[in-house]
Structures are given as C-alpha cells and as structure tokens.
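# Coordinates in review
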Amino acid sequence: VCFIPGGLDCSISFVSHVLGKVCIHGRQKEILGVLVPRLTELTESDCIWQRICWRLVECVPDRWMEAVVLGFVQRAPRADVLSRLLGNLVVKNKKAQFVVTQKILLLQYGHTTAVLQNLLGYLSLDSLRRPLLLRVLQELLETWSSSSAVKHSPAEQQLYISKAILICLSHLKEPEIESCRQELLTSMMEGMKCHLDSSLPQLRRLGMVVAESISLKINTEGPVLKFEYEEDDETRELKSLLVQTPSFSVVPSLPDDDRSEKASAALPLVQESNEKSHTAAPVMPDESDAELDSDDDLIPYDMSEDKELKTKAPVYIRDCIEVLTGSRSEDVDKWEAAVKALESLVRKNPAATREVSVELAKILLHLEEKTCIEGFVELRQRAQVAVLTTDPIPVAKYLTSQFYSLNYSLCQRMDILDVLVLAAQELSCPKFHGKTKHSGVQKPCIQLLLGSDSSKDWRRIVDERIKSKTRRFDMGRSRVELASCPNKFSSVAGYFFFPLIQHFDRPLTTFDLLGEDHLVLGRLVHTLAILMHLAVNTVAVTAMGKALLEFVWALRFHTDSYVRQGLLSCISSLLLSVPMEQILADMTEELLETQSWLGDVMEKDPDGDCRRLALQNLLLMENLKKKLEAVPS
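These lines cover the structure that appears in this document, whether it is placed above or below. All values derive from a computational prediction rather than experimental measurement.

### Some thoughts on the pattern of salt bridges
- One pass over the full model with this rule turns up 25 salt bridges.
- Between arginine 84 and aspartate 80 there is a salt bridge whose closest N-O contact spans 4.0 Å. Of this pair, arginine 84 and aspartate 80 are both found in helix H4 (residues 79-86), four residues apart, which corresponds to roughly one turn of the helix. Judged on exposure class, the residue arginine 84 and its partner aspartate 80 are both buried.
- Note that glutamate 139 and arginine 135 form a salt bridge whose closest N and O atoms lie 4.0 Å from each other. Pair noted here: glutamate 139 and arginine 135 are both in helix H8 (residues 130-144), with a separation of four residues, about one helical turn.
- On the accessibility criterion, arginine 135 (32% relative accessible area) is partly exposed.

Rendered as structure tokens:
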C-alpha cells in the first residue's frame with residue numbers, strides 16, 4: 001500500500017477497477033491474500049484507512065462486485081474485521097446486498113461454517129444492517145419450511161441452511177425475538193413437519209435440531225421442544241452454533257504483581273467462609289427420630305444363598321402358541337420363556353412347525369411386548385425368519401398378502417419387509433461350516449456301524465487311515481470349506497417377489513404408497529432390489545427382472561430421494577442378476593430408455609447419492625456390453 005505525501009486529494013476508483021478486474025479473472029486468492037491482512041492491520045486503529053477501504057470496495061463496478069465481496073468474506077478472519085473492511089456496503093450497494101443476503105446464503109451451499117459466521121456476524125454488528133439480518137432469517141426459514149425445497153434440494157444444502165438459521169438465531173436480541181415470535185413459531189411448525197416426513201434420517205435429525213433451537217429461543221421461560229435422536233458430530237456442531245462466542249474479545253493478562261494482590265485479597269474471603277462453616281451449631285437428632293430408628297436392632301435374614309427361580313421353558317411349539325395367545329399369557333415369566341425359546345424350537349422341529357406355520361406367523365406378526373424383555377424385537381424377528389425359512393411358500397404367501405391389507409401399522413408393514421429379506425438371505429446363501437483341514441497330530445477315530453455296507457465307503461476309510469498315519473510338518477493355513485448345498489431360495493423366489501410388486505399403485509384407506517407413505521415405499525423398493533440380487537441363477541430371474549424394470553419405469557420421477565436411490569439399486573441388481581443375453585433379447589427397448597434416463601439422473605438429480613448410483617449403473621452397462629462383445633459367437 002503506497003502513501004500520498006502532502007495531503008493531496010486523490011481518487012481510488014482506478015484501484016477499485018483493477019481490484020475487480022483481477023478478482024473476476026480468477027486471481028482473487030493471490031491479490032486478496034496480500035491485501036486483506038494489510039488492510040486489517042491498517043484499519044484496526046485508523047478511521048481514515050477505514051474510509052479509504054470502504055471507498056475501495058464501493059467503487060468496484062457491479063459486474064465485478066460479487067467476486068470482490070466474496071473474496072473479502074472468505075478471507076476476513078472475524079466478523080468485526082469484515083465490518084471494518086466493508087462498512088455499510090450492503091446498505092449502499094444493491095449488488096453487494098444481493099450477493100450477501102441472497103446468493104451466498106440461498107443459492108450456494110459450498111462455503112464453510114466460518115464464512116457463514118463471518119457473513120451473518122457482519123450483518124449483526126451495525127444497527128443499519130440488523131434489519132437485513134432479520135430479513136435473511138425470514139427467507140432462510142421460508143426455504144427451510146418449504147416441502148418442495150426439502151424434497152428437491154440436496155442434503156448438503158439443507159445442512160447449510162440449517163447452520164445459517166442457527167447462527168442468525170444466536171445474534172437475535174430479545175426485542176427482535178419478541179417482534180417476530182409468531183413468525184418463528186409458524187415456520188418452526190411447518191418446517192418440522194416437512195423434515196419429519198422425509199425418508200432420510202439426516203434430514204429428520206436436522207429438522208429436530210433446528211426446531212429445538214427455535215423453541216428454545218421463543219420459549220425462554222415455558223416448556224421447549226425435545227426430541228429423541230442419536231447425537232453425532234454434525235448434531236453437536238449445529239447446537240454449538242446457537243451459542244454466540246465472541247471471537248474478538250481478548251481478556252488481557254494480568255501482571256504478576258496484580259495476580260498476587262488479587263489472590264491475597266481472595267484468601268480472607270475463603271478463610272472467612274470456612275470459619276463460618278466450622279462454627280455452625282451442630283444439629284442434634286430429635287427424640288422422635290430416635291424412636292423411628294429403633295428397628296435397627298432387628299437382625300436381617302441371610303439371603304446370600306438364595307437363587308432366582310427360573311421358569312421352565314416350553315418344550316413343544318404348541319405350548320408356545322398356547323402361552324402367547326391363550327389365558328396363560330398372563331403369566332409373564334412363562335411368556336418371556338416362550339418368546340426366548342421359540343426360535344430354537346422352530347428350527348429343531350421343522351415337521352411340527354409346518355403344521356402350524358401360518359398360525360405361528362400370524363401370532364408373531366401381531367405379538368406386542370408385554371414386559372421389558374431385553375432384545376424383544378430381535379427375538380421376535382428371528383423367530384419369524386425361522387418360521388419363514390422352515391415353511392417358505394405358505395408363510396411367504398401370508399406375509400405378502402398382509403403387507404397390502406387393512407388395519408396394519410407402518411411399522412408392521414416394514415417388519416414384514418425385513419423378515420422377507422432376512423429369510424431370503426438365509427435360504428439363498430450357503431452356510432460356512434467351520435470344517436478346517438487339521439494336521440496329522442490328531443488321529444481320527446473311524447467307527448463302522450453294525451449292519452452297514454462298509455464297501456461303499458472304502459475310499460473314505462482308506463484316505464482317513466492314510467491321513468492319520470502320515471506326518472505333516474506344515475499344511476499351510478487352515479481354510480474354511482464352503483459346504484455345497486442347494487439354493488433353497490431358487491424355487492420360492494417368485495412367492496417372495498411378485499406379490500409385493502403387484503398392488504403398489506392401489507391406495508387403501510390407511511395405506512397409500514404413492515402418497516404420504518413414501519417411507520414404506522422406499523423400504524419396499526430397496527427390498528425388491530435385494531430380492532432381485534438374491535435370485536441370481538434362478539429360473540424366474542428373467543421374469544422378475546422384466547417386472548422390476550416396469551416397476552422402476554413407473555416410479556422413476558418420484559420426488560423422494562430415498563425412493564429414487566432404491567430404484568437405482570434395483571437397476572444395479574437387475575444388471576447383475578439377469579444374464580445380459582436375456583436382457584438384450586427380451587428388454588432391448590426398455591434398456592435403451594433406461595440408459596437415457598440414467599444419463600439424465602447423473603447430470604440433473606439434486607441428490608449426490610442418486611447421481612453416483614446412476615453413474616455406476618452406466619459404467620456397469622458398458623462393462624457388460626464389452627464382455628458380451630468379447631465372447632466369440
């Protein structure tokens with residue numbers, strides 16, 4: 001920065017033009033990285049330099065104003081420094097006002113929390129700029145409480161707006177809160193409803209945190225909102241923004257002499273308080289209290305060897321049904337024992353389970369927790385999965401029919417989807433048995449049953465004898481052998497899949513998948529994607545893929561991002577499960593339309609996960625086509 005001697009008047013509009021030109025051509029970091037620290041130092045104690053700096057930014061042409069203002073906001077260390085550098089620029093210049101109050105806050109969301117704190121703190125530090133702070137808060141709350149904005153804007157922008165709202169609330173004074181209390185309450189109720197209706201847990205948690213903060217501000221004396229949610233780093237950061245911490249107030253350190261004087265002055269106060277506490281009169285026990293404590297002479301019973309009486313667990317499945325449904329269900333201990341023992345009984349007695357499988361599935365679907373039993377939801381779910389895997393066809397028919405029936409809660413419908421997925425995984429995936437190849441230290445004991453035809457096992461017997469008598473110093477790492485077993489899901493995949501996909505577009509009185517129950521629709525779409533993936537190499541996989549593609553095509557423009565993520569997962573499962581030859585033979589036109597739709601999603605979808613999934617699907621299509629072309633005909 002150069003000085004002009006002799007007290008001559010000068011114009012700095014040329015310097016302003018140079019500054020704007022440099023910033024707009026991408027050299028913002030280089031010039032402001034040097035200029036802002038120097039101006040910060042000069043304007044700290046010199047009001048003349050403050051006026052010079054104000055004129056410098058005011059004379060920047062409007063076409064370059066955005067780059068200059070954004071550079072100052074990003075590089076100012078604190079809000080008070082930004083206030084010294086820009087002055088009341090946002091009041092005098094409409095372009096600067098638009099950039100500060102609209103573009104940075106509502107049209108962009110890539111700036112850091114420190115930039116938001118500098119910007120909103122700058123608006124709060126002067127009486128002429130505080131009306132702009134209130135207007136910004138009102139516009140932020142309108143966006144936050146808009147259902148359309150919540151559905152169509154990415155989660156990162158929702159987080160950015162939530163941070164800006166909390167920082168604005170931290171700068172409000174009591175008279176300002178009183179003047180807009182009703183508007184804050186209205187926005188809080190509308191925005192809370194929009195966010196709690198979202199299928200994404202992050203957006204629901206954002207709505208809870210912001211609603212709690214607004215309630216805390218407008219109800220300083222009465223009850224405030226309180227939600228139950230799991231706190232993470234993001235939640236703690238949001239809550240910390242509500243507490244305004246002045247970064248520019250520095251407490252000067254006291255000299256050593258002053259510290260000793262203050263410490264010596266504080267000592268007599270401590271001593272005096274200690275003397276008062278020691279000289280207090282002791283409290284004597286009342287005679288009536290002594291009479292009440294006269295039962296201390298009683299000798300307590302020795303209960304060290306007492307054992308808790310445990311209720312005997314049911315031995316038969318029908319006993320469990322009787323306990324869970326009949327009059328004996330009033331016995332809490334027997335009820336708990338039946339719930340805990342049911343899964344093992346079902347797996348040990350498959351024949352008895354098949355006789356009452358549908359009845360048992362109905363009981364478990366409607367079973368409610370009567371006592372505070374640990375892990376009740378998991379116990380019930382594991383029992384349901386055991387029943388479904390033991391008798392898949394009738395139980396799957398029952399559960400899929402109940403999914404679209406009346407008088408079921410959303411939680412029960414989502415429980416049905418979870419049970420179907422877990423059972424399909426158990427039926428389709430072969431189990432890893434812990435059979436490892438041991439060294440020859442332990443000799444296997446070969447025992448032939450009487451009356452058996454030993455000639456059939458002669459090869460196995462000889463191999464085991466040779467193995468037992470052979471010394472091996474090293475057999476390498478033990479390997480877990482994959483037990484070969486048939487894919488039990490292959491013959492029943494259609495009973496799991498097709499009933500779920502049939503009636504999704506038929507609204508019921510209490511259940512509307514295409515309406516307000518989009519959370520369950522999202523779970524249904526993800527469930528279909530998993531079932532499609534597990535049906536690989538099955539007979540019905542081609543028919544399932546064709547039906548799933550039609551289902552995806554009907555819902556491809558859904559407004560909920562969680563549903564769209566599930567639809568894109570369905571495309572991935574279809575491409576990985578259905579042979580590419582079958583796709584090209586039976587679904588060529590649908591595949592081309594899907595490829596065009598994926599390209600639009602990759603470029604235009606507001607949700608980052610949807611864009612990523614669409615890109616993965618396009619790459620997967622290209623790879624499958626290349627592999628198919630590489631195979632000689």
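### Notes on helix H27 (residues 541-555)
- The end-to-end C-alpha separation of H27 is 21 Å, in line with the 21 Å expected for 15 residues at 1.5 Å each.
- The secondary structure elements touched by the buried residues of H27 are helix H25 (493-502), helix H26 (518-534), helix H28 (561-577), helix H29 (580-586) and helix H30 (588-604).

### A few points about the side chain of threonine 40
- As for its position among the elements, threonine 40 is in helix H1 (residues 13-42).
- Contact partners of threonine 40, with chain neighbours within four places excluded, come to Val81, Arg84 and Leu85.

### With respect to unusual backbone geometry
- The backbone phi angle of asparagine 407 is positive, close to 60 degrees, even though this residue is not glycine.
- Within the secondary structure, asparagine 407 is located in the loop between helix H22 (392-403) and helix H23 (410-428).
- Here the phi dihedral of asparagine 537 falls at roughly 70 degrees; this positive angle occurs in a residue that is not glycine.
- You can call asparagine 537 exposed: its relative accessible area is 73%.

### Here's the deal with the nonpolar core
- Phe403, Phe489, Phe496 and Leu524 are the most contacted members of the largest nonpolar core, which has 91 residues in total.
- At nine residues, H26 tops the list of elements feeding residues into this core.
- Residues in contact with phenylalanine 496, not counting those within four places in the same chain, are Leu388, Pro392, Ala396, Thr400, Leu420, Ala423, Ala424, Leu427, Phe489 and Leu531.
- Leu32, Leu106, Val115 and Leu238 belong to the second largest nonpolar core, which has 77 residues in total.

### Points about the packing of H23 against H26
- For the pair H23 and H26, interaxial distance at closest approach is 10 Å and the crossing angle is 10 degrees. Compared by their axis directions, H23 and H26 come out roughly parallel. Of the residues in H26, those in contact with Leu410, Arg413, Met414, Leu417, Asp418, Leu420, Val421, Ala424, Gln425 and Ser428 of H23 are Leu519, Val520, Arg523, Leu524, Thr527, Ile530, Leu531 and Leu534.
- Residues of the contact of H23 with H26, tallied by class, amount to 12 nonpolar, three polar and three charged.

About the criteria used
Residues numbered from 1 in each chain as written. Predicted model: local features only at pLDDT ≥ 70, side-chain atom pairs only at ≥ 80, totals over all residues. Heavy atoms only, no water. Salt bridge = Lys/Arg side-chain N within 4 Å of Asp/Glu carboxyl O. Helix = DSSP H or I, 4+ residues; strand = E, 2+ residues; numbered from the N terminus. Buried < 20%, exposed > 50% of the residue type's maximum accessible area, 1.4 Å probe, protein only. Expected span 1.5 Å × (residues − 1). Contact = heavy atoms within 4.5 Å. Core = buried A, V, L, I, M, F, W, Y, C linked by side-chain atoms within 4.5 Å. Axes fitted to C-alpha atoms, helices over the stretch in contact; angles between N-to-C directions. Parallel < 35°, antiparallel > 145°, perpendicular 65-115°, else oblique. Nonpolar A, V, L, I, M, F, W, Y, C, P; charged D, E, K, R; others polar.

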